[in-house]
Amino acid sequence: MPIATRAFAATAADAPLSPYSFDRRDPGPDDVAIEIKYCGVCHSDLHVAKNDLGNSRYPIVVGHEIAGVVTAVGANVSRFKEGDRVGVGCMVDSCRTCEACREGLEQYCVPGMTQTYGSPDPKGKEVGQAITQGGYSDRITVDQNYVLSIPDSIPLDAAAPLLCAGITTYSPLKTWGVGPGSKVAVIGLGGLGHMAVKLAAAMGAEVTVLSTSDRKKADAERMGAKHFLINSDKAAMQAAAEKFNLIINTVSATHEISSHINLLARDGTMVMLGLSTEGMPVFAVPLLWRRRRVAGSLIGGIRETQEMLDFCAEHGVACEIEVIAPDQINEAYQRMEKSDVRYRFVIDMGRFDKAA
Ligand SMILES: [Zn+2]
Ligand SMILES: [Zn+2]
């Protein structure tokens, strides 16, 4: 029996999200059926709903920061049972055979991961879905290999954004070996940035936040930042030159990055996490003079995502959220476009009834 699902969907680039009903597949032998309790609202959702990348197909249910409870499992599923607290992030499948998948780096799957929304969905045919549909909905069915366990100590609402914002920042901090003694700068204190601050501080790093104003200074310090820099303050930027081992750059808008590269110590790396669609000049001289690097990083693999969730439980790290009802999503998008959220909207699917 297909699973009746309530959702909010985008039906066109210029239309507000609206109530939408569809069916999820009944769990196959390797599937986990999940009742979604909460879904975080990521900037990528907004880009896809509004077709900013030019390849959106409609109707589409976006959302890839999913936290919920298992309602049923297939015959081959041993790691999950009914009632377990689980999460689903940005992907629901991958080829499983390429070099990246074999290394547990499914996000870099060579033929391409199956994203949680908007990817072709062969398994959706039986219920009339050509593409995968995401988390702004109250049910989802996912292969067990792409389902994460959410530790009991993290509330489900504050856990949801860890599935994208959390892993997106955790993975580069681990890749570049952040630990006690590391000096880490985070550019931009939004959904991604605030997680980067908390995670880097929990790893033992000395964290500095760079922002365009001091509006969020007190928040940054409460989250674990030791220093706060306004990036238009030339004297302060000069004083911070060559200081950082790693800069986590979360800004997606086009911005000037060269002056930030000067903040890197020798062998330091700036990691770009923002999905910017325009080029930004990088000059060779400041790079070669101190063997600096500019790099990118995309979410994290399934194994590393579980490691991140367990790390957050161990260190008491969670996302700071504003919980909304499903029918407040359009208002939330308007506020996100003005960066008016501290620090992630999370949709409470338990408030669907009021949405009708
Ligand atoms: Zn995301
Ligand atoms: Zn693969």
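Numbering of residues begins from 1 in every chain and follows the order in which that chain's sequence is written. Whichever chain is written first becomes A and whichever ligand is written first becomes 1, with later ones labelled in order. Only residues with pLDDT of 70 or above have their local features reported here, since the model is predicted, and side-chain atom pairs are shown and tallied only from 80 upward, although totals for entire chains, interfaces and linings are computed over all residues. Hydrogens and water are ignored here; the side-chain numbers use all heavy atoms of the structure.

The name given to the protein chain in an unreviewed UniProt entry is Putative zinc-type alcohol dehydrogenase-like protein, with the source organism recorded as Brevundimonas lenta. UniProt positions are given in the numbering used here, feature names are shortened, and annotations may be inferred rather than shown by experiment. UniProt, in the comment section headed Sequence similarities (unreviewed entry), describes the protein chain in these words: "Belongs to the zinc-containing alcohol dehydrogenase family."

K.L.:
Could you give me a rundown of the overall build of the protein chain, with the residues and numbers involved?
P.N.:
Under the DSSP-based scheme used, a helix requires at least four consecutive residues in state H or I and a strand at least two consecutive residues in state E, with every element numbered from the N terminus. A tally of helices and strands in the protein chain yields 11 helices and 17 strands. Taking 356 residues into account, the globule formula puts the C-alpha radius of gyration at 21 Å, and the protein chain, at 20 Å, falls close to it. For the C-alpha atoms alone, the extent of the protein chain along its principal axes is close to 65 × 40 × 35 Å. Here the term buried applies to any residue with accessible area under 20% of the maximum for its type, exposed to any over 50%, and partly exposed to those in between, with areas from a 1.4 Å probe on protein chains only. Residues classed as buried in the protein chain amount to 56% of the 356 residues present. Any pair of residues with heavy atoms lying within 4.5 Å of one another is described as a contacting pair. Of the contacts formed within the protein chain by residues at least 6 apart in sequence, a portion of 68% connects residues at least 24 apart. Here the open area of atoms and residues is found with the Shrake-Rupley method and a 1.4 Å probe, where only the protein chains shown may cover a residue. For the protein chain, the exposed surface amounts to about 15200 Å²; the carbon and sulfur share of it is 50%. On the protein chain, the mean spot of the 36 positive side-chain charges and the mean spot of the 42 negative ones are 5 Å from each other. All radius of gyration figures rest on C-alpha atoms, and the globule criterion is 2.2 Å times the number of residues raised to 0.38. Within this scheme the basic residues Lys and Arg register as positive and the acidic residues Asp and Glu register as negative, but His and the chain ends are omitted. Note that the charge is assigned to NZ on lysines, CZ on arginines, CG on aspartates and CD on glutamates.

K.L.:
Could you give an account of the coordination of the zinc ion (ligand 1), naming the residues involved and the relevant values?
P.N.:
When four donors bind a metal tetrahedrally, each ideal donor-metal-donor angle is 109.5 degrees, and when six bind octahedrally, the ideal angles are 90 or 180 degrees. Water is not among the atoms examined, so metal sites may look incomplete; donors are the N, O and S atoms within 2.8 Å of the metal, or within 3.2 Å for Na, K and Ca. For the zinc ion (ligand 1), every protein donor is listed as Cys42 (SG), His64 (NE2) and Cys164 (SG), and the spread of their distances is 2.0 to 2.2 Å. Mapped onto the polypeptide sequence, the residues donating to the zinc ion (ligand 1) form the spacing pattern C-x21-H-x99-C. On the criterion of sequence distance, the pair formed by cysteine 42 in the loop between β3 (31–40) and α1 (43–49) and histidine 64 in the loop between α1 and β4 (66–73) is long-range, its members being 22 residues apart. On the basis of relative accessible area, cysteine 42 is assigned to the buried category, the value being 5%.

K.L.:
Residues and numbers for the packing of helix α4 (residues 165–175) against helix α10 (residues 302–315), please.
P.N.:
Angular values range over 0 to 180 degrees, each being the angle between N-to-C directions of two axes fitted as lines to C-alpha atoms, with helices fitted over their stretch in contact. At a minimum axis distance of 10 Å, the contact between α4 and α10 shows a crossing angle of 95°. Between α4 and α10, the angle is such that the two are roughly perpendicular. Packed against α4, whose contacting residues are Gly166, Ile167, Tyr170, Ser171 and Lys174, the element α10 presents Glu304, Thr305, Glu307, Met308 and Phe311 at the interface. Residues are grouped as follows: Ala, Val, Leu, Ile, Met, Phe, Trp, Tyr, Cys and Pro are nonpolar; Asp, Glu, Lys and Arg are charged; all remaining types, including Gly, are polar. When grouped by side-chain class, the residues that make up the contact of α4 with α10 number four nonpolar, three polar and three charged. In these notes the angle categories are as follows: under 35 degrees is roughly parallel, over 145 is roughly antiparallel, 65 to 115 is roughly perpendicular, and the rest is oblique.

K.L.:
An account of the coordination of the zinc ion (ligand 2) is needed here, citing residue identities and associated values.
P.N.:
Protein coordination at the zinc ion (ligand 2) comes from Cys95 (SG), Cys98 (SG), Cys101 (SG) and Cys109 (SG), with a distance range of 2.3 to 2.4 Å. Metal-centred angles of 103 to 120° between the four donor atoms at the zinc ion (ligand 2) mark the site as tetrahedral. Expressed as a motif, the donor residue spacing for the zinc ion (ligand 2) is C-x2-C-x2-C-x7-C. Neither residue differs from the other here; cysteine 101 and cysteine 109 are each classed as buried. Donor angles set the geometry label: tetrahedral for four donors if every angle is between 85 and 135 degrees, square planar for four and octahedral for six if opposite donors exceed 155 degrees and the others are between 65 and 115, irregular for anything else.

K.L.:
Could you give me a rundown of the domain arrangement of the protein chain, with the residues and numbers involved?
P.N.:
In this document the domain limits rely on a domain assignment from an automatic tool or a database. For the protein chain, the assigned domains read domain 1 (3–164 + 320–355) and domain 2 (166–296). The gap between the C-alpha centroids of domain 1 and domain 2 is 29 Å. In this complex, domain 1 contributes 11 residues to the contact, which on the side of domain 2 involves 16 residues. Throughout, the accessible surface (probe 1.4 Å) given up by two parts as they are put together, summed over both, is called the buried area. In this assembly, domain 1 packs against domain 2 so that about 1200 Å² is buried in total across both faces, 45% of it on carbon and sulfur atoms.

K.L.:
Account for the pattern of salt bridges, with residues named and values stated.
P.N.:
Take a side-chain nitrogen of Lys or Arg and a carboxyl oxygen of Asp or Glu: if they are within 4 Å of each other, that pair is a salt bridge. Following the criterion strictly, the structure yields 19 salt bridges and no others. Here arginine 222 ties to glutamate 320 by a salt bridge, and the two come within 2.8 Å at their closest N and O atoms. Here arginine 222, found in helix α6 (residues 217–223), pairs with glutamate 320, found in the loop between α10 and β16 (321–324); they are 98 residues apart in sequence, far enough to count as distant. Three or more residues joined by partner-sharing salt bridges are found here, namely Lys198, Asp219, Arg222, Glu320 and Arg342.

K.L.:
So what about the pairing of strand β11 (residues 206–211)? Which residues, and what values?
P.N.:
Among the six residues that make up β11, five are buried, leaving the element largely enclosed by the rest of the structure. Two strands are counted as paired when DSSP detects at least two bridges linking them. Both strand β10 (residues 183–187) and β11 contribute to a ladder of five bridges, which runs parallel. Counted as the bridge partner of valine 186 is valine 209 from β11. Taken together, β10, helix α5 (residues 191–202) and β11 constitute a β-α-β crossover, and its handedness is right-handed. In terms of strand pairing, β11 meets strand β12 (residues 227–230) through four bridges, oriented parallel. When the strands point away from the viewer, a crossover counts as right-handed if the route from the first strand across the helix to the second turns clockwise.

K.L.:
Explain the packing of aromatic side chains to me, using residue names and the numbers behind them.
P.N.:
To pair, rings of Phe, Tyr and Trp, with the six-membered ring standing in for Trp, must have centres within 6.5 Å; the planes then decide the type, stacked if under 30 degrees apart, edge-to-face if over 60, and tilted in the middle. By the definition in use, this model includes three aromatic pairs. Judged by centre distance (6.2 Å) and plane angle (40°), the rings of phenylalanine 8 and phenylalanine 352 are tilted. In this pair, phenylalanine 8 is assigned in strand β1 (residues 3–9) and phenylalanine 352 in the segment after β17 (344–348), connecting sequence segments 344 residues apart. For phenylalanine 352, a relative accessible area of 5% translates into the label buried. A centroid spacing of 5.5 Å and a plane angle of 25° characterise the contact between tyrosine 20 and phenylalanine 22, whose relative ring orientation is stacked. For phenylalanine 22, a relative accessible area of 7% corresponds to the buried category.

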